[in-house]
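# Structural overview for review
What follows is the residue order along each chain.
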Amino acid sequence: MRASLHITALTALTLIASSALAIAAEVRVLSVGSTQIAAKAIAAEFEKQTGHKVTFTIRPPFDIDKELAAKTFDTVILSVPAMDNHDEAGDLAPMSRIALARVGVGVVVKEGGPVPDVSTPEKLKAAVLAARSLTHTDPAIPNTSGAIAGAALAKLGILDEVKGKTRHATLAVGGELVAKGEVELGFFNLSEIPKGVIVAGALPGPLEGYTVYEAAVLSKGSTDQAVTAFVKYLASAAAAAYWAEAKLEPAATYMRTRASQ
């Protein structure tokens, strides 16, 4: 598989080979955490093939604006609603946005403990009502696992019923609560499953929602062609396997599915 990825990477990079001939540049990336495993692996391949250096600053969604105001970056990886806001504000280079991948939400439990059946809306509802406690991120933050979990519970008609036993927590805190057995069920992005927990299952089809991620060149960053080359490489055919390996669905896959429906 590694050999196949290497060959595919070389093919994809033919389109951006000119950047490799230039003086090695640094591409400064600001990204949310849920994409970092795949993005860093893709960046390592990009560095190997081009000689450019890619550096990452990883921040939670609610810290992205503050980070952009304080420091200069060349490209950003964000969910679509946030990217829309930055596009409207003029923070992005025109026509530089590109779809990367999307991720769904899974139900997690303590590793080694009972694993409930959450394969249908009815079974998920029963499991949630039976659980003594739940956790997910703040549902007020749009297009996040917490917002998707909250919407699923609302569709099941039990959102108000379970509010008293639900704790809103960051991924790190919520993951630790579940891993220690202090909270019975958690709802997390499938690309960000903390240590000490296992996935009981993804939210069943009618309840699943997705966080969609894009990359874009920042208007106040470097104009070196390496920046544009890296953004394109993130969405290349060579990158798709890394997104899938990190439990995110590559944009080309779900766009192809939509087109066939």
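To be clear, the structure that these remarks concern was listed above.
Heads up: these notes are all about the structure in this document. (Residues numbered from 1 in each chain as written. Predicted model: local features only at pLDDT ≥ 70, side-chain atom pairs only at ≥ 80, totals over all residues. Heavy atoms only, no water.)

### Brief notes about helix 7 (residues 145-155)
What helix 7 keeps buried is the set Ser145, Gly146, Ile148, Ala149, Gly150, Ala152 and Leu153. At its buried positions, helix 7 is contacted by strand 5 (105-110), helix 6 (121-130), strand 6 (134-136), helix 8 (159-162), strand 8 (185-189) and strand 10 (211-217). Of the residues flanking the end of helix 7, it is glycine 157, one or two places downstream, whose phi is positive at about 80°. (Buried < 20%, exposed > 50% of the residue type's maximum accessible area, 1.4 Å probe, protein only. Helix = DSSP H or I, 4+ residues; strand = E, 2+ residues; numbered from the N terminus. Contact = heavy atoms within 4.5 Å.)

### Quick notes on the sheet that holds strand 10
If you trace the six strands from one edge of the open sheet to the other, you get 2-1-3-10-4-11, paired in mixed fashion. Because the sheet does not close on itself, it has two edges, and the strands there are strand 2 (53-58) and strand 11 (249-250). Across two bridges, strand 4 (residues 98-103) lies against strand 11 in antiparallel orientation. Within strand 11, the position partnered with alanine 101 by the bridge is proline 250. Here helix 3 (residues 36-50) sits on the sheet and contacts strand 2 and strand 3 (75-79); the angle it forms with strand 2, its principal contact strand, is near 165°. (Pairing = 2+ DSSP bridges. Axes fitted to C-alpha atoms, helices over the stretch in contact; angles between N-to-C directions.)

### Observations concerning unusual backbone geometry
Apart from glycine, the bulk of residues carry a negative phi angle, and the bulk of peptide bonds sit in the trans form. Not every positive phi belongs to a glycine, and methionine 95 is a case in point at roughly 60°. Considering the arrangement of structural elements, one finds methionine 95 in the loop between helix 5 (80-88) and strand 4. A relative accessible area of 84% means that methionine 95 is categorised as exposed. Even without glycine at this site, lysine 247 takes up a positive phi of about 70°.

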